Amino acid sequence: MKHRILFAILMSFTLSLVMSAWITFLNIGARADFIELWMHFWVLAWPAAGIISFIAGPFLHGLAHKLAAKI
């Protein structure tokens, strides 16, 4: 369980940080307040990503294992 929680925290941190930067950049471009807006959106995205990662992670891990065995 410890591993599952740590994995969800690290995965959601990384993905939400990178994805929020990308989406913010696509929506507003390189503005002077980019970092401020990016951090605002990231703080909103990280909890959602964490919950999704914690809930969907085991299922997706199993699915990936099954798919990999078939190819």
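Reading the values: the criteria
- Residues numbered from 1 in each chain as written.
- Predicted model: local features only at pLDDT ≥ 70, side-chain atom pairs only at ≥ 80, totals over all residues.
- Heavy atoms only, no water.
- Salt bridge = Lys/Arg side-chain N within 4 Å of Asp/Glu carboxyl O.
- Buried < 20%, exposed > 50% of the residue type's maximum accessible area, 1.4 Å probe, protein only.
- Axes fitted to C-alpha atoms, helices over the stretch in contact; angles between N-to-C directions.
- Helix = DSSP H or I, 4+ residues; strand = E, 2+ residues; numbered from the N terminus.
- Parallel < 35°, antiparallel > 145°, perpendicular 65-115°, else oblique.
- Left-handed = near helix turned anticlockwise from the far one by under 90°.
- Nonpolar A, V, L, I, M, F, W, Y, C, P; charged D, E, K, R; others polar.
- Expected span 1.5 Å × (residues − 1).
- Contact = heavy atoms within 4.5 Å.

Draft legend 1. Inspection of the pattern of salt bridges at higher detail. Evaluated as defined, the whole model comprises one salt bridge. Its salt-bridge partner being arginine 31, residue aspartate 33 comes within 2.8 Å of it at the nearest N-O pair. Taking the relative accessible area as the measure of exposure, aspartate 33 reaches 27% and is therefore partly exposed. Overall, arginine 31 belongs to the partly exposed group, its relative accessible area being 42%.

Draft legend 2. Looking closely at the packing of helix H1 (residues 2-28) against helix H2 (residues 34-70). Two elements in contact, H1 and H2, have axes separated by 6 Å at closest approach and are oriented at 140 degrees. Between H1 and H2, the interaxial angle falls into the category oblique. Once H1 is placed against H2, the crossing between them reads as right-handed. In the contact of H1 with H2, the residues fall into 21 nonpolar, six polar and one charged.

Draft legend 3. Up close: H1. If you check H1, its first and last C-alpha atoms are 38 Å apart, about what 27 residues at 1.5 Å a residue would give, namely 39 Å. Taken together, the buried positions of H1 are Ala8, Ser12, Ser16, Ser20, Ala21 and Thr24. On its buried face, H1 sits against H2. After H1 finishes, the residue glycine 29 shows a positive phi value of roughly 80 degrees.

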